[in-house]
Amino acid sequence: MDYPQIIAPILTFLQCPTPQAWLDEARDPQNLPLLLTDHLVCELKAAQTAMLLVRKYVSDKQGADALLAWLQPYEAFAFRQGPEPDFATLNRQFSKSAMPHTDDPWGRLLIDSMVLLIKEELHHFWQVREAMQARNIPYVKMTASRYAKGMLQEVRTHEPLTLIDKLICGAYIEARSCERFAALAPYLDDDLQKFYLSLLRSEARHYQDYLALARQVSAEDIAPRVRFFGEVEARLISTPDAEFRFHSGVPGY
């Protein structure tokens, strides 16, 4: 894979790179369990975000219920400490016939993009869980970082501006994930390095999908909002952070 070519547009899109202080903390083997656990939850939250967008903006009730049911076993395990399901089997279960339907062209694009994103993020969830099990890392529930919440606090509160802002936030979250996979890879063992680099292609497409959806639904040029959220995102990444997480800022504890 030519990952420098994949990552180049993302480095241009983001307004700052991952700080070296974060990488120094992330490369410490003692922090690997925390990093993988938070990565696992981030994959599920990305799937939840996509599911909620479809349910809120375009989904028919049957399709909405199907999406909700698809994620429930993952949510029960990660957030309610339920029994661990067979993720390999779950990953194969979702039927295309159960996908939401709409006659609206933009809604159709949202469904196609987000359902593919959900499928990929849940597959990544399972892959991260396998990596944890291979290293005897138990799943332990942890608090979320300030990152996503910090961006969503800036989302405008009336439609369609709310939707546009949420899509732009989604683009930044996916882009930063991709940038961190590439930045972390050289410091990981061979298997994890290969896995993290394998994630780049789908994560790079996800941020582009979010931006494309935002452009299509907006009556105005989204560039000013993209720049605004880029500044918010860069501030969260480059300033001291009380907790170390996959998307946290400069370690400040």
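These figures come from a predicted structure and were not determined experimentally.

## Quick look at the packing of aromatic side chains
The way to describe two aromatic rings as a pair is by their centre distance and the angle between their planes.
Here is step 1 of the chain: The full count for this structure, using the stated rule, is 11 aromatic pairs.
Here is step 2 of the chain: Between tyrosine 74 and phenylalanine 125, the aromatic rings sit 5.3 Å apart at their centres with planes inclined by 85°, giving edge-to-face as the arrangement. Placement of tyrosine 74 in helix α4 (residues 61–80) and of phenylalanine 125 in helix α6 (residues 105–134) is noted, with a sequence separation of 51 residues between them.
Here is step 3 of the chain: According to the relative accessible area criterion, phenylalanine 125 is buried, its value standing at 0%.
Here is step 4 of the chain: Taken together, a centroid distance of 5.0 Å and an interplanar angle of 35° make the contact between phenylalanine 77 and tyrosine 139 tilted. Separated by 62 residues along the polypeptide, phenylalanine 77 in helix α4 and tyrosine 139 in the loop between α6 and α7 (147–152) bring together distant segments of the chain. The same class applies to phenylalanine 77 and to tyrosine 139, which are both buried.
Here is step 5 of the chain: Taken together, the ring pairs connect Trp22, Phe181, Phe195, Tyr196, Phe244 and Phe246 into an aromatic cluster.

## Here we look at the layout of surface pockets
Here is step 1 of the chain: Put simply, the largest pocket is a space of about 680 Å³.
Here is step 2 of the chain: Lining the largest pocket are 33 residues, with Lys45, Ala46, Thr49, Ala148 and Ile173 sitting closest to its centre.
Here is step 3 of the chain: Taken together, the elements giving at least two residues each to the lining of the largest pocket come down to α3 (32–57), α7, α8 (161–184) and α10 (200–217).
Here is step 4 of the chain: Tallied by class, the residues present in the lining of the largest pocket amount to 16 nonpolar, 8 polar and 9 charged.
Here is step 5 of the chain: The space that makes up the second largest pocket amounts to roughly 150 Å³.
Here is step 6 of the chain: Every residue along the wall of the second largest pocket is listed here: Arg156, Pro160, Leu161, Ile164, Val217, Ser218, Ala219, Glu220, Asp221, Ile222, Pro224 and Arg225.
Here is step 7 of the chain: Listed by contribution, the elements that provide at least two residues to the lining of the second largest pocket are α8 and α11 (223–238).
Here is step 8 of the chain: The residue inventory of the lining of the second largest pocket, partitioned by class, reads 7 nonpolar, 1 polar and 4 charged.

## Structural notes on unusual backbone geometry
Here is step 1 of the chain: Of note, the amide linkage connecting glutamate 159 to proline 160 takes the cis form, showing an omega dihedral of 0°.
Here is step 2 of the chain: Examined against the element boundaries, proline 160 turns out to sit in the loop between α7 and α8.
Here is step 3 of the chain: The phi torsion at asparagine 136 lies on the positive side, around 55°, for a residue other than glycine.
Here is step 4 of the chain: Positionally, asparagine 136 belongs in the loop between α6 and α7.

## Section: the confidence of the model for the protein chain
Here is step 1 of the chain: Across the protein chain, pLDDT averages 91, with 96% of residues at or above 70.
Here is step 2 of the chain: The lowest-confidence element of the protein chain is helix α5 (residues 87–90), averaging 78 in pLDDT; the highest-confidence one is α11, averaging 98.

## Considering α4
Here is step 1 of the chain: Residue glutamine 72 marks the point of greatest curvature in α4, where the axis turns by about 40°; the proline proline 73 follows within four residues.
Here is step 2 of the chain: All of the buried residues along α4 are Gly63, Ala64, Ala66, Leu67, Trp70, Leu71, Tyr74, Glu75, Phe77 and Ala78.
Here is step 3 of the chain: In this structure, the buried residues of α4 make contact with α3, α5 and α6.

## Looking at the side chain of serine 248
Here is step 1 of the chain: For serine 248, the position within the fold is in the loop between β1 (240–241) and β2 (250–251).
Here is step 2 of the chain: A relative accessible area of 0% places serine 248 in the buried class.
Here is step 3 of the chain: Within the structure, serine 248 has its side chain in polar contact with the backbone oxygen of arginine 245 (distance 2.8 Å).
Here is step 4 of the chain: Excluding residues within four positions of it along the chain, serine 248 makes contact with Trp22, Arg180, Ile237, Asp241 and Glu243.

## Things to note about the packing of α8 against α11
Here is step 1 of the chain: Across the interface, α8 lies against α11 with an axial gap of 10 Å and an inter-helix angle of 45°. When the axis of α8 is compared with that of α11, the two are oblique. For the pair α8 and α11, the sense of crossing is right-handed. Residues Asp165, Ile168, Cys169, Tyr172, Arg176 and Arg180 of α8 form the contact with α11, whose participating residues are Arg225, Val226, Phe229, Gly230, Glu233 and Ile237.
Here is step 2 of the chain: Residue classes in the contact of α8 with α11 are distributed as 6 nonpolar, 1 polar and 5 charged.

## Looking at the pattern of salt bridges
Here is step 1 of the chain: Applying the stated criterion across every chain, the model contains 13 salt bridges.
Here is step 2 of the chain: Residue aspartate 65 pairs with lysine 61 through a salt bridge whose shortest N-O separation is 2.8 Å. Highlighted residues: aspartate 65 and lysine 61, both in helix α4, separated by 4 residues, approximately one helical turn.
Here is step 3 of the chain: A residue is classified by how much of its surface remains accessible, and aspartate 65, at 35% relative accessible area, is partly exposed.
Here is step 4 of the chain: When the shortest N-O distance is used, the salt bridge between arginine 205 and glutamate 120 registers 2.5 Å.

Quick notes on the rules
Per chain, residue numbering runs from 1 following the sequence as it is written. Confidence filtering applies because this is a predicted model: local features only for residues at pLDDT of at least 70, side-chain atom pairs given and counted only at 80 or more, and all residues used for totals across whole chains, interfaces and linings. Only hydrogens and water are set aside; all other atoms, that is, all heavy atoms of the structure, feed into the side-chain values. Two aromatic rings from Phe, Tyr or Trp, using only the six-membered ring of Trp, form a pair when their centres are within 6.5 Å; if the ring planes differ by under 30 degrees the pair is stacked, by over 60 it is edge-to-face, and anything between is tilted. Numbering goes from the N terminus for both helices and strands, where a helix is a DSSP run of H or I of at least four residues and a strand is a run of E of at least two. When accessible area is computed with a 1.4 Å probe and restricted to protein chains, residues below 20% of their type maximum are described as buried, those above 50% as exposed, and intermediate ones as partly exposed. Think of a 1 Å grid over the protein atoms and nothing else: a 1.4 Å probe that fits but is trapped marks a cavity, an open set flanked by protein within 12 Å on at least five of seven lines marks a pocket, and residues with an atom within 4 Å of a point count as lining. Grid points are joined across faces, edges and corners, and a volume is the space filled by probe spheres set on the points. Gly falls in the polar group here, along with every residue not listed as nonpolar (Ala, Val, Leu, Ile, Met, Phe, Trp, Tyr, Cys, Pro) or charged (Asp, Glu, Lys, Arg). The pLDDT value tells you how sure the predictor is about a given residue, anywhere from 0 up to 100. The quantity called bend is, for any residue, the angle between two axes fitted respectively to the seven residues ending at it and the seven beginning at it. The contact criterion used is simple: two residues touch if any of their non-hydrogen atoms lie within 4.5 Å. Whenever a nitrogen or oxygen atom comes within 3.5 Å of another N or O atom, the pair is scored as a polar contact, on the condition that within protein one atom can donate a hydrogen and the other can accept it, and that pairs from neighbouring residues in sequence are kept only if both atoms are in side chains. Helix axes are fitted only over the stretch in contact, all axes being lines through C-alpha atoms; the angle between N-to-C directions runs from 0 to 180 degrees. Should an angle fall under 35 degrees it is taken as roughly parallel, and over 145 as roughly antiparallel, whereas 65 to 115 is taken as roughly perpendicular and any remaining angle as oblique. In a left-handed crossing the near helix is turned counterclockwise from the far helix by less than a right angle, and in a right-handed crossing that turn is clockwise. Any carboxyl oxygen of Asp or Glu that lies within 4 Å of a side-chain nitrogen of Lys or Arg is treated as forming a salt bridge with it.

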